[in-house]
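As a plain string of letters, each chain reads:
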Amino acid sequence: MTLPLISAALATFVFAAPVAALADNSVTVGGVTLVNKGRVAVGRIPANLRDKFGETFGSGSGMSIDTKSWVRNADGSYKGSLWLLPDRGYNAVGTTDYRPRLNSIDVQLTPVAPGATPPAGKEQSGVDAKLASTMLLTDNKGADTTGLDPANGTRQPADGMPLLPQAPNGKISLDTEAVARLPDGTMFISDEYGPYIYRFAADGRMMSATPPPAALLPMRNGAVNFASNNPGPGESAPDPKDPTSGRQNNQGLEGMSLTPDGKFLIAVLQSATRQDGGDSSPTRQNTRALVYDAADPAHLKLVHEYVVPLPVFTDAKGKTAVAAQSEIVALSPQTFLMLARDSNNGYGVKGDKSLYRSINVVDVAAATDIAGSQFDADKPVAPKGALDPSVKPAAVSQFIDINDSADLARFSLHNGAPNDRNNLSEKWEAMSLASVQDPKLPDDYFLFVANDNDFLTQDGFQVGAAYKGDGGADVDTMFQVFQVTIPGLSAK
C-alpha cells in the first residue's frame, strides 16, 4: 500500500529501541510517542450488496488506500478511494469456484473530533463507502483463478512461474488476504494457500509469484501440498489433514505491506509454522515476518526474517490462547503495526464477546535475523512452541484496543451480548493509513480498519446460486476509523 514517507532520522533512530507502553492510548519507541486518539468515524456497506458480476460483495481481507486520491474538503470532510480485497468467497461447507477479485471503493469520510460523540442517529454514517468497480484476478495466461481448495493439485513450474496451487478444475487456487499497490498500478497480493506473494498487473493478470522460504511451504508425505482441508464439491480431504511442516491450514501470509518509501515489502505468517508449534493454540505463538527488497518488483529478494511473538490472552475457559495476526501496516523496514485477534466471537458466529482484538506495534530492530539460516530449511525455530535460545524475537506492544467499550459506545457499537448487528463481527483483517492533512496536526493520520464479513448474508448469490449464510445473520462490511499520531511521517 502507498503511505507517506518516513524521514531518515525516524527510520534510523525512532525505531531503534524496544517498544514500551506508556499509557492505554499511546506507545513509545526510541523516545517518540505514537498516540491513539480513538475512533472518529464508522460506516457500513450492506451485507447483501452485489458487484457488477451479480455476486455477493463481501470484502475486507485486505485494504490499500489510494493516497493520491485523498483530499481534505473545505468543510473538514475527506474524499478518496481505496482498494478492498475479499478472500475465497462464501464457504460455510467447503470451498467454491469463486473467482478472486479486487474491489475499488469511493469513500467520503466525515470524522468527529477525537473523543466527541456523533449526532444522534448518525453514529455510523461517518464513512460513506460506495462500490465503484470490481476487477477479476486471472492467472498469467489470463484464465480465471478460483477460491477452490487446491486439494492435492499443483501446476508444475512453467513460463517463469514456480510450482503453484491448482484446483481439480485446472484453475490456480487463490485465498487472497492482503494487497499492496505500486505507483505504476501493479500490485502485490499475499495468499494463504501458497503461502505466496503474487504480483498482478493493473488489469488483474498475474505477472509473477514469489514462494516463501522452504520452512513455510506446507508439506505432506515428503512433498509440497497446498491443500487447506476445505475440499469443494467432488474434492477429497487431504491425507493427513494437516501439513507435517510449513504453514498450518488457513494460516498463510495474512498480513503484508510496503514500507512508506516503497523499497521493502513485509509479509507476516498468520501464526507459527507446524514445526514451530503451529499445531495447537497454546504453542503457535512464534510466527515469522519476511522482509523483501522490492526494488525490482518482478523479482522480490528476501533480505531479512524475524520471529514475531503473537499476543497471548486467557480465553473464556481460563486457558491460555494465542491471538493470530490478521494484517500489518509497515512504518519502516523495522517497524509495523500488527492487528491481532481471537476467533469465533462476534456478530455472525456463536460466541458473542471477543477477549482480544488489538493493533500492536512490532519492532524488529533488536531481533535476530534468521533469513537464510537453518531455520529456513529443516531446523525448527520454536519446536513445540519453545523459541530457540539463540534467537531474540521482535518486541511487541499494544497500541489500540479495538474492544474498548467506552470508545465503541460513542458509535452505538459494543463487544459482547446482545449478539446483534451492533456487536463487532469476528474477523477484522484490513488496515490502511491516510493523512489528516491538517497543518496544525502534521503527524496525525486516519487508520482505517475493516472486517472480513465472510460473505455472511441472508440474501446472497455466488457461483450461480442463491444462498443464506449460516446462523441467520447479515454481517455488513464495516469500516472503523481511528485518528492516530505517528511522529516523523511526512506527506509525499
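Cut-offs applied
Residues numbered from 1 in each chain as written. Predicted model: local features only at pLDDT ≥ 70, side-chain atom pairs only at ≥ 80, totals over all residues. Heavy atoms only, no water. Helix = DSSP H or I, 4+ residues; strand = E, 2+ residues; numbered from the N terminus. Buried < 20%, exposed > 50% of the residue type's maximum accessible area, 1.4 Å probe, protein only. Contact = heavy atoms within 4.5 Å. Salt bridge = Lys/Arg side-chain N within 4 Å of Asp/Glu carboxyl O. pLDDT = per-residue confidence, 0-100.

Draft legend 1. Representation of the environment of Leu-424. Assignment of secondary structure puts Leu-424 in the loop between α2 (405-409) and β27 (428-435). The exposure class of Leu-424 is buried, given its relative accessible area of 0%. Sequence-wise, Leu-424 and Gly-346 are 78 residues apart; in three dimensions their C-alpha atoms are separated by 5.6 Å. When residues no more than four places from it in sequence are discounted, the contact partners of Leu-424 are Gly-346, Tyr-347, Arg-357, Ile-402, Asn-403, Leu-408, Leu-413, His-414, Met-478 and Gln-480.

Draft legend 2. Examining the pattern of salt bridges more closely. Applying the stated criterion across every chain, the model contains 22 salt bridges. The partner of Asp-128 in a salt bridge is Lys-130, with the nearest N and O atoms 3.6 Å apart. In this structure, Arg-199 engages Asp-184 in a salt bridge whose closest nitrogen and oxygen atoms are separated by 3.5 Å. Separated by 15 residues along the polypeptide, Arg-199 in strand β13 (residues 197-200) and Asp-184 in the loop between β11 (176-181) and β12 (187-191) bring together distant segments of the chain. One connected set of salt bridges, linked through shared partners, spans Asp-276, Arg-288, Glu-305 and Asp-376.

Draft legend 3. How the structure looks around the confidence of the model for the protein. This prediction gives the protein a mean pLDDT of 93; 94% of its residues lie at or above 70. Confidence over residues 1-23 falls short of pLDDT 50; this stretch has 83 contacts with residues more than four positions distant or in other chains.

Draft legend 4. Molecular detail of the environment of Val-179. Tracing the sequence through the fold places Val-179 in strand β11. Residue classification places Val-179 among the buried residues on the basis of a relative accessible area of 0%.

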